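# Structure assessment
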Amino acid sequence: MERKLVCARCGKTLENKETYFAYFGHQLHTDLPCCPQCGQVYVDKELAEGKMRNTEAELEDK
Amino acid sequence: MPYLKDHVIGKTRSICPICGRQLPAQRVRRGEDILLEKSCPEHGDFSTVIWRGRLNINSWTCGNEPLGDDYNPNCPYDCGLCRHHISDTCCVLYEVTRRCNLHCSFCFAEGGAGEDISIDKIKRDICDIVRPGQTFLQLSGGEPTVRDDLPEIVAYAKAQGCKFLQLNSNGLRLAEDEQFVRQLAEAGLSFVFLQFDGTRDDIYRKLRGRELLEIKKQAIDNCGKHHIGVTLVPTLVPGVNTNDIGNIVRFGISRVPYVRGVHFQPVSYFGRYPAPPANEDRYTLSELVADLGQQTNGMVNITNIAPSHCDHPLCGFHSSFIAMEDGRFIALTKPDSEGCCCGVTTAEQNREYIGRRWSRPDESEIPAAVPSEAGEPDDLDEFLRQAKTRAFTVTAMAFQDAYNLDIERIRRCSLHVYADGKFMPFCAHYLTLGGGQ
């Protein structure tokens, strides 16, 4: 069964929403669980240590 | 040689290009040019242009530690690396042969005939060189591909734990012998530094004695088919190919993902060259930066070029891009507003950075293509896929010769040649005295 994520602040169930990241002047987007009330997003460990870290490595200079 | 005091912008040490003795030297501004000037009590005065134009040399080199009194009075003749040397080894260059199948007007390695180095000696040397999981080894020559056992050498270096393996080649055999390219790929070759002086055959006739453009294209295709990254390496000679710089960059981009970048090398006068150089025969790093901007219509320009962090800033620069499938050319390198190089990069950071960009990624590292609607370039997955597969670098290295040799630069060198059991800075190893041959 899929885990239900709830916003700790608002108590609302998070819903997938297109979310933009800005890093080193570049804007990229992906779908992330997002609180429909306050807009806070949830970045899970796999995404943070995987694709997001890889993206940082590509965008950063030496 | 008399100077106005405020014309001297820096002091360093150099050598007499005739007898080789170490001399005090000064960087002197004359109009928009910066010259390295020195006097030998026996052979007279020498004044060599090292920088031209409006790009500010002080901004470019800011934060770089001047030589001061911390130098070896016997540099560069005491080499191996001594306690005065600052930079660690980033890349090791190793000659596997002195034979060559071209006879170029310009060559840092003089080339020649005669008995080849034995495979046993090469294996012993590789054991000395390789630090497992770290070493970035350039197999050079002569022309390494004249050796039929080159795939065995590559496989041996990989087995010893070499992390990145680069082949420096003129591409002749890579074009003619696809089976050989396949063997090199299977042995673990990471990428090829392909001598590529321009997009016109008159350039090759002048510099290499014959037309080579179609051969270069075939070499790129063969390497591409076998998943070996190719970086184009033009030697830039004033009046020959400095007006082709923009075309070379565009040609490289048109061959992405096979081509991973362009590495420009302004001509230097060591090894074999036609005659002692006048200042008109020199092309400086600052001119290259300006011409890149002009000839690429600003695609590659001072706002996305950073001076070398790992070596001395007067030794080179780097600039990193993604050549997106939709035609956009996204700049990743963003030096600060002054083009400053104050950040210091370790040899290890530099090695990882260039090794990763010059290699083509393993299939397993590439995220799957994203279905059309989500597959726009700003989508995180799509961006990552293109960043891995379509990375493109524009880099440069300005080698030194006996005329413009600067000991401050030598001691910051991270490209080391292994020979006779020692590691030496590249320009110290290939230094030629007495006016060339």
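Residues numbered from 1 in each chain as written. Chains lettered and ligands numbered in written order. Predicted model: local features only at pLDDT ≥ 70, side-chain atom pairs only at ≥ 80, totals over all residues.

## Focus: the overall build of chain A
Helix and strand content of chain A: one helix and two strands. Along its sequence from the N terminus, chain A presents helices and strands in the succession β-β-α. Relative to its length of 62 residues, chain A is extended, with a C-alpha radius of gyration of 13 Å against a globular reference of 11 Å. Along the three orthogonal principal directions, the C-alpha set of chain A runs to about 40 × 25 × 15 Å. Contacts in chain A between residues far apart in sequence, at least 24 positions, make up 36% of those at least 6 positions apart. (Helix = DSSP H or I, 4+ residues; strand = E, 2+ residues; numbered from the N terminus. Rg over C-alpha atoms; globule rule 2.2 N^0.38 Å. Contact = placed C-beta atoms within 7 Å.)

## Remarks on the overall build of chain B
Looking only at helices and strands, chain B features 13 helices and 17 strands. For 437 residues, the compact-globule formula gives about 22 Å, and the C-alpha radius of gyration of chain B, at 21 Å, lands near that figure. The principal-axis extents of the C-alpha atoms in chain B amount to approximately 70 × 50 × 45 Å. By the burial criterion, 50% of the 437 residues in chain B qualify as buried. (Buried ≥ 20, exposed ≤ 12 C-beta atoms within 10 Å, placed from the backbone.)

## Focus on the interface of chain B and chain A
Contacts between the two partners involve 16 residues from chain B and, on the opposite side, 13 residues from chain A. Of all elements in the fold, only helix H10 (347-358) and helix H11 (380-389) of chain B reach the threshold of two or more residues within the side of chain B that touches chain A. When residues of the side of chain B that touches chain A are assigned to their parent elements, the largest contribution, four residues, is made by H11 of chain B. Grouping the amino acids of the side of chain B that touches chain A by side-chain chemistry returns seven nonpolar, six polar and three charged. (Nonpolar A, V, L, I, M, F, W, Y, C, P; charged D, E, K, R; others polar.)

## A closer look at the domain arrangement of chain B
Residue and element names in this part refer to chain B. The domains assigned to chain B are domain 1 (5-75) and domain 2 (91-419). Centre-to-centre, using C-alpha coordinates, domain 1 lies 28 Å away from domain 2. With 25 residues of domain 1 at the interface, the matching set in domain 2 holds 25 residues. If one sorts the elements of the side of domain 1 that touches domain 2 by residue count, strand E4 (residues 44-51) sits on top with five residues. (Domains from an automatic or database assignment.)

## With respect to the sheet that holds strand E2 (residues 22-30) of chain B
Residues and elements named next belong to chain B. Strand order in the open sheet formed by four strands is E1-E2-E3-E4, and the pairing between neighbours is antiparallel. Here the strands that pair on one side only, and so sit at the sheet edges, are strand E1 (8-15) and E4. Across the sheet, the mean angle from the axis of one strand to that of its neighbour is 30°, orientation sign disregarded. With seven bridges joining them, strand E3 (residues 33-40) and E4 adopt antiparallel strand pairing. From the neighbouring strand, glutamate 37 faces E4, where its bridge partner is serine 47. (Pairing = 2+ DSSP bridges. Axes fitted to C-alpha atoms, helices over the stretch in contact; angles between N-to-C directions.)

## Section: helix H1 (residues 45-59) of chain A
End to end, H1 of chain A covers 20 Å across 15 residues, agreeing with the expected 21 Å (1.5 Å per residue, within 8%). Along its length, H1 of chain A reaches its greatest deviation from straightness, about 35°, at methionine 52 of chain A. (Expected span 1.5 Å × (residues − 1). Bend = angle between axes of the 7 residues up to and from the residue.)

## Quick look at the pairing of strand E1 (residues 15-23) of chain A
Within E1 of chain A, only zero of the nine residues are buried, which leaves it mostly out in the open. From the end of E1 of chain A to the start of strand E2 (residues 26-34) of chain A, which pair antiparallel, there are two residues, and phenylalanine 24 of chain A there has a positive phi angle of about 50°.

## As for the nonpolar core
Counting 120 residues, the largest nonpolar core has Val192, Leu194, Val230 and Cys427 of chain B as its most contacted members. Two domains each donate at least three residues to this core, and these are domain 1 (5-75) and domain 2 (91-419) of chain B. (Core = buried A, V, L, I, M, F, W, Y, C linked by C-beta atoms within 7 Å.)

## Digging into the environment of histidine 85 of chain B
All names here are of chain B. Along the chain, histidine 85 falls in the loop between helix H1 (57-61) and strand E5 (91-95). The class for histidine 85 is buried, based on 22 C-beta atoms found within 10 Å. Measuring from C-alpha to C-alpha, the distance between histidine 85 and alanine 396 comes to 22 Å, with 311 residues separating the pair along the chain.

## A word on the packing of helix H2 (residues 119-129) of chain B against helix H3 (residues 150-159) of chain B
Residues and elements named next belong to chain B. Where H2 meets H3, the closest approach of the two axes is 10 Å, and the angle between their N-to-C directions is 25°. Accordingly, the angle class assigned to the pair H2 and H3 is roughly parallel. Viewed along their axes, H2 and H3 form a crossing whose handedness is right-handed. For the pair H2 and H3, the contacting residues are Ile119, Ile122, Lys123 and Ile126 in the first and Glu152, Ile153, Tyr156 and Ala157 in the second. Residue composition of the contact of H2 with H3, grouped by class: six nonpolar, no polar and two charged. (Parallel < 35°, antiparallel > 145°, perpendicular 65-115°, else oblique. Left-handed = near helix turned anticlockwise from the far one by under 90°.)

## Quick look at the packing of H3 of chain B against helix H5 (residues 178-187) of chain B
Any two packed helices are characterised by the angle at which their axes cross and by the distance between the axes. Residue and element names in this part refer to chain B. The N-to-C vectors of H3 and H5 enclose an angle of 10°; their axes lie 8 Å apart at closest approach. On the basis of their axis angle, the class for H3 and H5 is roughly parallel. Contacts from Leu150, Pro151, Val154, Ala155 and Lys158 in H3 reach Gln183, Leu184 and Ala187 in H5. Of the residues belonging to the contact of H3 with H5, the class tally is six nonpolar, one polar and one charged.

## Here's the deal with the confidence of the model for chain B
Keep in mind that low pLDDT regions are not for reading the predicted coordinates in detail. With 91% of its residues at a pLDDT of at least 70, chain B reaches an overall mean of 89. Interface predicted TM-score (ipTM) for the complex: 0.88; the corresponding pTM is 0.91. (pLDDT = per-residue confidence, 0-100.)

## What about the pairing of E2 of chain A?
Judged from the nine bridges that link them, E1 of chain A and E2 of chain A form a sheet pairing that is antiparallel. When the sheet's bridge partners are listed, tyrosine 20 of chain A is paired in E2 of chain A with histidine 29 of chain A.

## Here's the deal with unusual backbone geometry
All names here are of chain B. Here the bond from cysteine 79 into glycine 80 is cis, since omega is -10°, no more than 30 degrees from zero. Along the polypeptide, glycine 80 turns up in the loop between H1 and E5. Looking along the chain, the bond that leaves glycine 141 and enters glycine 142 is cis, with omega of 25°. Relative to the assigned elements, glycine 142 resides in the loop between strand E6 (136-140) and H3. Phi angles above zero are rare outside glycine, and histidine 227 is one such case at about 65°. With respect to the element layout, histidine 227 can be found in the loop between helix H7 (213-225) and strand E9 (229-233).

## Structural notes on the environment of threonine 48 of chain B
Residues and elements named next belong to chain B. Tracing the backbone through its elements, the reader meets threonine 48 in strand E4. Residue threonine 48 is classed as buried on the basis of its 23 C-beta neighbours within 10 Å. Along the backbone, threonine 48 and glycine 355 are 307 residues apart, and their C-alpha atoms lie at a distance of 33 Å. Each residue touching threonine 48, except ones within four places of it in the same chain, is listed here: Leu35, Leu36, Asn279, Tyr403 and Asn404.

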